[in-house]
Amino acid sequence: QVQLVESGGGLVQAGGSLRLSCAASGRSFSSGTMGWFRQAPGKEREFVAGISWSGGSSDYADSVKGRFTIFRDNGKNTVYLQMNSLKPEDTAVYYCAASPYRRADLSRGHEYNFWGQGTQVTVSS
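To start, this report covers the structure provided alongside it. All figures in this text were calculated on a predicted structure; none of them were measured in a lab.

### Thoughts on the sheet that holds strand S8 (residues 78-83)
Link 1 in the chain: The antiparallel open sheet is built from 4 strands, whose spatial order is S1-S3-S8-S7. Both outer strands of the open sheet, strand S1 (3-7) and strand S7 (68-73), are each paired with one neighbouring strand and no more. If you compare each strand with its neighbour and ignore which way they point, the axes differ by 15° on average.
Link 2 in the chain: Of the strand pairs in this sheet, strand S3 (residues 18-25) and S8 are connected by 6 bridges, and their pairing is antiparallel. When the sheet's bridge partners are listed, leucine 20 is paired in S8 with leucine 81.

Structure follows, in structure tokens:
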């Protein structure tokens, strides 16, 4: 059974940093695609960042470019999201997503086969 378990969320002041982790178990995603999405109250889920199987290619939502960095450790079957210069509008539940396949478009939610339960990130002003 595949599981994606996120950790690292919490409460932080604006301008602060957090690092989210997502550990996958049940199968390897070293040849696949991994990403992060988020959903704020009353809003639809949106793409945050995605990374290719090798880590050589990544994509970011315009709203987080220059502030967030996605990276992965295939040996640990884990993907990370380093979030710097956090803003109140970054407040949301953050979800890890994974696909065992290589995807050309990292931002499409329907391309991901597995999802985590989410971790809350709250940024206070």
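That was the structure; now back to the text.
### Here's the deal with the pairing of strand S5 (residues 46-51)
Link 1 in the chain: Of all 6 residues in S5, 5 are buried, a share of seventy percent or more.
Link 2 in the chain: Relative to S5, strand S4 (residues 33-39) runs antiparallel, the two sharing 5 bridges. Note that in S5 the partner of methionine 34 across the bridge is isoleucine 51.
Link 3 in the chain: Hairpin connection from S4 to S5: 6 residues lie between these consecutive antiparallel strands, with glycine 42 at a positive phi of about 80°.
Link 4 in the chain: For S5 and strand S6 (residues 58-60), the ladder comprises 3 bridges, and the chain directions are antiparallel. Each bridged residue has a counterpart across the sheet, and for isoleucine 51 the counterpart in S6 is serine 58.
Link 5 in the chain: Counting the residues in the hairpin turn of S5 and S6 gives 6 residues, including glycine 55, whose phi is positive at 85°.

### A closer look at the state of the cysteines
Link 1 in the chain: A full pass over the atoms with the stated rule returns 1 disulfide.
Link 2 in the chain: Across the disulfide, cysteine 22 is cross-linked to cysteine 96 (sulfur-sulfur distance 2.0 Å). Note on the cysteine 22 and cysteine 96 pair: the S-S dihedral is about -75°, so by sign convention the disulfide is left-handed. Taken together, the residues span a long stretch of sequence, with cysteine 22 in strand S3 and cysteine 96 in strand S9 (residues 92-99) at a distance of 74 residues.
Link 3 in the chain: By relative accessible area, which is 0% here, cysteine 96 ends up buried.

Here is what the cut-offs are and how they apply
- Residues numbered from 1 in each chain as written.
- Predicted model: local features only at pLDDT ≥ 70, side-chain atom pairs only at ≥ 80, totals over all residues.
- Heavy atoms only, no water.
- Pairing = 2+ DSSP bridges.
- Helix = DSSP H or I, 4+ residues; strand = E, 2+ residues; numbered from the N terminus.
- Axes fitted to C-alpha atoms, helices over the stretch in contact; angles between N-to-C directions.
- Buried < 20%, exposed > 50% of the residue type's maximum accessible area, 1.4 Å probe, protein only.
- Disulfide = S-S within 2.5 Å.

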